[in-house]
Amino acid sequence: MSSSNNSNNENPIQSIKEMTAKATSSLPSLSLKTIVKTTVSKTNTMLSTLEHTKYTMDQNIHGFFSSRIRPLLTQMSHYGKRCIVLYQKREYYGPQIVSGSAAAVSSIV
């Protein structure tokens, strides 16, 4: 009974430490320096790839924007301003607008 008494009186923290020591002894030993070096290397590689991808996309978007969209926006701005001016002058041309709308609707129907 003394042997069972000894096992019951064992310190649970000590037994956990022993189990941890047994479990970690089977793992390959990696130094902290190696882990940090590998992590930094992988992170730098990933950041470099992301930066290159962002730069390439920015160049493509800039090229597309300056060659295709900027002239369209310029024309849209010009015609938008003309539409605003015409809309502001609508009070002077009320009867003409009503008759033109009526003619357009009757030609469609």
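Conventions and cut-offs
- Residues numbered from 1 in each chain as written.
- Predicted model: local features only at pLDDT ≥ 70, side-chain atom pairs only at ≥ 80, totals over all residues.
- Heavy atoms only, no water.
- Salt bridge = Lys/Arg side-chain N within 4 Å of Asp/Glu carboxyl O.
- Helix = DSSP H or I, 4+ residues; strand = E, 2+ residues; numbered from the N terminus.
- Buried < 20%, exposed > 50% of the residue type's maximum accessible area, 1.4 Å probe, protein only.
- Patch = residues over 30% accessible without salt bridge, like charges linked within 9 Å, V, L, I, M, F, W, Y side chains within 5 Å.
- Areas by Shrake-Rupley, 256 points an atom, 1.4 Å probe, with all protein chains shown as cover.
- pLDDT = per-residue confidence, 0-100.
- Contact = heavy atoms within 4.5 Å.

Draft legend 1. Examining the pattern of salt bridges more closely. This structure, assessed with the given rule, holds one salt bridge. Among the ionic pairs, Asp58 bridges to Lys54, the shortest N-O distance being 2.8 Å. Separated by four residues within a single helix, Asp58 and Lys54 lie in helix α3 (residues 32-88), roughly one turn from each other. Look at Asp58 and you get partly exposed, because its relative accessible area is 37%.

Draft legend 2. View of a nonpolar patch on the surface. Together, Leu32, Val36 and Val40 make up an exposed nonpolar region whose accessible area comes to about 280 Å². You can see Leu32 is positioned in helix α3. Taking relative accessible area as the criterion, Leu32 reaches 64% and is therefore assigned exposed.

Draft legend 3. Just the confidence of the model for the protein chain, in detail. When pLDDT is averaged along the protein chain, the result is 78, and 75% of the positions lie at 70 or above. When pLDDT is averaged over each helix and strand of the protein chain, the minimum, 47, is found for helix α1 (residues 2-8) and the maximum, 87, for helix α4 (residues 94-108). In this model residues 1-7 is a low-confidence stretch, pLDDT under 50, and it forms zero contacts with partners more than four residues away in sequence or in other chains.

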